[in-house]
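Descriptive analysis of the structure
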Amino acid sequence: MKQWTKEIEIDASIEHVWKYFDGSLENMQKIMPQVVGNEPVKIVDGMVGSIYLQKYKEGKRVMEYDVETLEYIDSMNEKNLKIGFTLANMFDITARFELVKLDDHKTSFKYTATNRPLKWFMKLFSLFATDKVVVESVQRVKKVAESEN
């Protein structure tokens, strides 16, 4: 299994940054433009165990997968969302988004992604995987949150 983590400070309130993860599809698409659908399948009290049918567009192809909420914290000073899904029956993927309030106008944002190959031959591909997606994602969240602040 591969894991990548990147942390960045954002000049925006924790609530402002959180809306991109815990809000509408429109807000989610600002930081994840490839997500073209996010429909609730099962919503559970406390959110952990909730499942969404997410549609992801890559090129002309649209893939669908069930995204499960594995962790969920929404407090005044800390927000945490961890999701998991299986991609193309080849990889188990998790993504954890952690927000910590530094002050009323600053938020620490940490993104951790894991990628576990499900097929032996996919392990070769994961040897060449880099943190590029994680780095680009945190930079996009910072850019969008600060530009709309």
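Look up: the structure comes first, before these words.
Residues numbered from 1 in each chain as written. Predicted model: local features only at pLDDT ≥ 70, side-chain atom pairs only at ≥ 80, totals over all residues. Heavy atoms only, no water.

1. Side note on the pattern of salt bridges
Two side chains of opposite charge can pair, provided their charged atoms sit close to one another. The final tally for this structure, using the stated rule, is 10 salt bridges. Of the charged contacts in the structure, one is a salt bridge between E9 and K106, with a shortest N-O distance of 3.8 Å. Here E9, found in strand β1 (residues 2-10), pairs with K106, found in strand β7 (residues 106-117); they are 97 residues apart in sequence, far enough to count as distant. Since its relative accessible area comes to 28%, K106 is described here as partly exposed. A salt bridge links R96 to E71, with the shortest nitrogen-to-oxygen separation between them at 2.5 Å. Note that R96 is positioned in strand β6 (residues 91-103) and E71 in strand β4 (residues 61-74), a separation of 25 residues in sequence. Judged by relative accessible area, R96 falls into the partly exposed class, the value being 21%. Residues joined in a network through salt bridges with shared partners are E9, D11 and K106. (Salt bridge = Lys/Arg side-chain N within 4 Å of Asp/Glu carboxyl O. Helix = DSSP H or I, 4+ residues; strand = E, 2+ residues; numbered from the N terminus. Buried < 20%, exposed > 50% of the residue type's maximum accessible area, 1.4 Å probe, protein only.)

2. A word on the packing of aromatic side chains
For the structure shown, the criterion picks out 6 aromatic pairs. Arranged with centres 6.5 Å apart and planes meeting at 45°, the rings of Y56 and Y65 form a pair that is tilted. Residue classification places Y56 among the partly exposed residues on the basis of a relative accessible area of 22%. On the basis of relative accessibility, which here comes to 8%, the residue Y65 falls in the buried class. With a centroid separation of 5.0 Å and 15° between ring planes, the pair formed by F97 and Y111 is classed as stacked. Taken as a pair, F97 in strand β6 and Y111 in strand β7 lie far apart in primary sequence, 14 residues in all. Just as F97 is buried, Y111 falls in that class too. Here the aromatic cluster, defined as three or more aromatic residues joined through ring pairs, consists of F21, F97, F109 and Y111. (Phe/Tyr/Trp six-rings, centres within 6.5 Å; stacked < 30°, edge-to-face > 60°.)

3. Comments concerning the nonpolar core
Residues I10, V17, F21, F97, F109, Y111 and V141 are the most contacted members of the largest nonpolar core, which totals 28 residues. Looking at this core, the elements with two or more residues in it are β1, α1 (14-18), β4, β5 (78-87), β6, β7 and α4 (132-147). Excluding its chain neighbours within four sequence positions, the residues that come into contact with F109 are K6, E7, I8, I10, F21, F97, E98, L99, V138 and V141. (Core = buried A, V, L, I, M, F, W, Y, C linked by side-chain atoms within 4.5 Å. Contact = heavy atoms within 4.5 Å.)

4. A few points about the sheet that holds strand β2 (residues 35-42)
Read from one edge to the other, the open sheet built from 7 strands follows the order β1-β7-β6-β5-β4-β3-β2, with strand pairing classed as antiparallel. Unpaired on one side and paired on the other, β1 and β2 mark the two borders of the sheet. Neighbouring strand axes in the sheet, compared pairwise and without regard to direction, differ in orientation by 20° on average. Pairing analysis gives 9 bridges linking β1 to β7, with the strands arranged antiparallel. In the sheet register, W4 faces β7, and the bridge partner there is A113. α4 contacts β1 and β7 of the sheet and is inclined by roughly 20° relative to β1. (Pairing = 2+ DSSP bridges. Axes fitted to C-alpha atoms, helices over the stretch in contact; angles between N-to-C directions.)

These values are about where atoms sit, not about what they do.
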